Amino acid sequence: MTIVRRTAVVLALPVLLVVAWWFASAGSTDFYRPPLSRILAVFPETWLGARLRDDVLPSVVRLLLGYGAALVLGIALGVLIGANRTVRALLEPVLEFLRAIPPPVLVPIIALVAGIGDLTKVIVIVSGCVWPILLNTVEGVRAVDDVLDDTCRSYGIRGVTRLRHLVLRAASPQIVTGARQALSIGIILMVISEMFAANSGLGFAVVQFQRGFAIPEMWSGVLLLGLLGVVLSLLFRLAEARILRWYHGIRAVSRES
Amino acid sequence: MLEVSGLRKVYDGHGRRVEAIAELTFTVADGELACVVGPSGCGKTTLLKCIAGLLPPTAGEVRVDGVPVTGPPPGLAVVFQEYGRSLFPWLRVRDNVDLPLRAAGQRRAHRDRAVAEALDAVGLADAQHAYPWQLSGGMQQRVAIARAIAYGPTVLLMDEPFAAVDAQTRADLEDLLRAVWQRLGVTLLFVTHDIDESVYLGQRVIVLSGSPTRIAEDVAIDLPATRDQLTTRGDPRFAELRGQIYAQIQKAKSRSEG
């Protein structure tokens, strides 16, 4: 398939939906459901001014910090737990319990301890993002191929070299799966943590607009959040294509034969 | 030199006790090429893993160059049957060969030369930037052989390395292996279930009995040192040796079944 055709296929449905929204809402006089044309009209002045620095940037920075910390923490703990049967048996019940707690519930509790600043929001994001990464890493590390493991042992590949070239690489398809799930959880938690106690951020701004009956602006915030999600998932795909090049390559080869 | 003395391996688990190897004693001299054949399920892989230090024996001892094996010995390399699972799919051919040398802390210049020579020896100099899964099965096994050569072992173990490739590729790989062995002078223990292959490759064939495994016979292969797929396999002596080993294995099978 050519690039032009593929782009057309990818964009077909979004364009259709936007067009449908545009015409369906065109004559709307409903205060809460303004026409799309009005939402788009307020979009630039709402988000491209001071808010870009005061709300959008802090949100994105918190998300990236929390997501990054969750990646480091989840992979490190996952390798530790996955590689050691005793640690796994010891921690598994606790992990299942902790994982079952919906992170938004933690927002008031974490706010009590860590205040209402950026730290709380980052902690909330970490506390939600870490689980899919951790659990998938554990599975990935457990499933390292026996033959490859024997190969490493007989060639004296151990320690950090083994971790880098065997364990992390072999587990990388699962780690990436966990990281993908974590990314969408992260965006959700970013918004939720800003709705509780905050004075900046995308979630904070959307709630402000709603309370001030600035309805088109509120909708434009929702639109921006959606776009942010799209951009982040595109970036994620680029990273994945690089990291899992070998994995997708093998799958393509085995599909052909 | 490779010495196996009184080796015994019993698997104990899930209330079932399986005696894989009853008792094995043999020596492979420096630079010798010995093949091990036996009926399927006779513990060939178990034997190889014990020698490689990947599996602790229940009793007995393995010595590589006089040193008792307690873990994977540094002067020993293994080529596994499952080439698809023993090469790192995320590393290019060159890096697959290079990784054990890197792990051993060898210098860059030395590694580059060893890797290039090893890939050249197996005829894969052109494929060094490919990923293993982009190559055919025979070529992947060549990469595994190159990795073993580059490691510079004194003892090389091979576990049915050509069992999963097609017949023509297999003949090529057999000749390649003979050439490499003659050039390097490495001690080579080659495990196979294929009687023809063992006679064609070996200076000596160790025939195993069925499980629990013992040595059924130790056959010296008195064929000329220069072997050739056509003339060697057409040699009356080849047929005679093959027949002798075949009869031995049939006997071992019927004994273990009866």
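Residues numbered from 1 in each chain as written. Chains lettered and ligands numbered in written order. Predicted model: local features only at pLDDT ≥ 70, side-chain atom pairs only at ≥ 80, totals over all residues.

(A) A look at the overall build of chain B. Summing up its helical and strand segments, chain B has 9 helices and 10 strands in all. Compactness check: chain B gives a C-alpha radius of gyration of 18 Å against a globular reference of 18 Å for 258 residues, within 12% of the reference. C-alpha atoms of chain B, sized along the principal axes, occupy 55 × 45 × 30 Å. Sequence separation of at least 24 residues holds for 69% of the intrachain contacts in chain B that already meet a minimum separation of 6. (Helix = DSSP H or I, 4+ residues; strand = E, 2+ residues; numbered from the N terminus. Rg over C-alpha atoms; globule rule 2.2 N^0.38 Å. Contact = placed C-beta atoms within 7 Å.)

(B) Just the overall build of chain A, in detail. In terms of regular secondary structure, chain A is built from 11 helices and 0 strands. For chain A, the N- to C-terminal ordering of α and β elements is α-α-α-α-α-α-α-α-α-α-α. Over its C-alpha atoms, taken along the principal directions, chain A stretches across nearly 75 × 55 × 30 Å. Residues counted as buried form 33% of the 257 residues belonging to chain A. Expressed as a percentage of contacts within chain A between residues at least 6 apart in sequence, the contacts between residues at least 24 apart total 74%. (Buried ≥ 20, exposed ≤ 12 C-beta atoms within 10 Å, placed from the backbone.)

(C) Main features of the sheet that holds strand β7 (residues 155-159) of chain B. Residue and element names in this part refer to chain B. Ordered by their spatial adjacency, 6 strands build an open sheet running β6-β7-β8-β3-β9-β10, and the pairing between neighbours is mixed. The two strands at the open ends of the sheet, each matched to only one other strand, are β6 (76-79) and β10 (215-220). Averaged over all pairs of adjacent strands, the angle between their axes in this sheet comes to 15°, without regard to strand direction. Here strand β3 (residues 33-37) runs beside strand β8 (residues 187-192); their pairing, made up of 5 bridges, is parallel. Bridge assignment links V37 to a residue of β8, and that residue is T192. (Pairing = 2+ DSSP bridges. Axes fitted to C-alpha atoms, helices over the stretch in contact; angles between N-to-C directions.)

(D) Representation of helix α10 (residues 215-243) of chain A. Residue and element names in this part refer to chain A. Between its terminal C-alpha atoms α10 stretches 42 Å, which fits the 42 Å expected from 29 residues at 1.5 Å a residue. Within the span of α10, buried status applies to E217, M218, W219, S220, G221 and L224. In this structure, the buried residues of α10 make contact with α2 (36-47) and α9 (202-211). (Expected span 1.5 Å × (residues − 1).)

(E) Summary view of the pairing of strand β9 (residues 204-208) of chain B. Residue and element names in this part refer to chain B. Among the 5 residues of β9, 4 are classified as buried, and the element is accordingly described as predominantly covered. Taken together, the 4 bridges between β3 and β9 define a ladder with parallel strand orientation. Its bridge partner being in β9, V36 is matched across the sheet by I206. One ladder, built from 5 bridges, connects β9 with β10; its direction is antiparallel. Bridged to L208 within β10 is I215.

(F) Molecular detail of helix α4 (residues 108-121) of chain B. Residue and element names in this part refer to chain B. Its 14 residues place the ends of α4 20 Å apart at the C-alpha level, agreeing with the 20 Å of an ideal helix rising 1.5 Å per residue. Buried within α4 are the following residues: V115, A118 and L119. Seen end-on, α4 carries its buried residues on one side only, within an arc spanning 95°. The exposed residues of α4 that point more than 90 degrees off its buried face are A109, H110 and R113. Contacts made by the buried residues of α4 are with α3 (93-103) and α5 (137-150). Just downstream of α4, G123 is the residue with a positive phi angle, here 75°. (Arc of directions from axis to C-beta.)

(G) The arrangement of the packing of helix α8 (residues 159-196) of chain A against α9(A) in detail. Residue and element names in this part refer to chain A. Contact geometry for α8 and α9: axes closest at 7 Å, N-to-C directions at 55°. If you check the angle between α8 and α9, you find them oblique. Regarding α8 and α9, the two cross each other, and that crossing is right-handed. Taken together, the residues of α9 that come into contact with α8 (itself represented by M190, V191, I192, E194 and M195) are L202, G203, F204 and V207. In terms of residue class, the contact of α8 with α9 is made up of 7 nonpolar, 1 polar and 1 charged. (Parallel < 35°, antiparallel > 145°, perpendicular 65-115°, else oblique. Left-handed = near helix turned anticlockwise from the far one by under 90°. Nonpolar A, V, L, I, M, F, W, Y, C, P; charged D, E, K, R; others polar.)

(H) Seen up close, the nonpolar core. Counting 128 residues, the largest nonpolar core has A:I133, B:I51, B:A146 and B:L157 as the members making the most contacts within it. In terms of residues, this core owes the most to one element, helix α6 (residues 118-142) of chain A, which gives 13 residues. If sequence neighbours within four positions are ignored, A:I133 has contacts with A:A70, A:L71, A:G74, A:I75, A:G78, A:I175, A:G178, A:A179 and A:A182. (Core = buried A, V, L, I, M, F, W, Y, C linked by C-beta atoms within 7 Å.)

(I) Molecular detail of the pairing of strand β2 (residues 16-28) of chain B. Residue and element names in this part refer to chain B. Strand direction decides the pairing type here: strand β1 (residues 2-13) and β2, joined by 9 bridges, are antiparallel. Along β2, the bridge assignment pairs E3 with T27. Hairpin connection of β1 to β2: 2 residues between the antiparallel strands, including H14 at a positive phi of 55°.

(J) View of the interface of chain A and chain B. With 17 residues of chain A at the contact, the number on the chain B side is 21 residues. Those elements that provide at least two residues to the side of chain A that touches chain B are α7 (146-154), α8 and α11 (245-256) of chain A. At 6 residues, α7(A) tops the list of elements feeding residues into the side of chain A that touches chain B. Of the residues belonging to the side of chain A that touches chain B, the class tally is 7 nonpolar, 6 polar and 4 charged.

(K) Main features of the confidence of the model for chain B. Residue-level pLDDT values for chain B average 92, and 98% of them are 70 or greater. The ipTM value of the predicted complex is 0.90, and its pTM value is 0.88. (pLDDT = per-residue confidence, 0-100.)

(L) Highlighting the packing of helix α5 (residues 103-114) of chain A against α6(A). All names here are of chain A. As a packed pair, α5 and α6 sit with axes 9 Å apart at the nearest point and diverge in direction by 145°. For the element pair α5 and α6, the recorded crossing hand is right-handed. Along the contact surface, α5 presents P103, L106, V107, I110, A111 and A114, while α6 presents L119, T120, I123, V124, S127 and G128. Residues that form the contact of α5 with α6 fall into these classes: 9 nonpolar, 3 polar and no charged.

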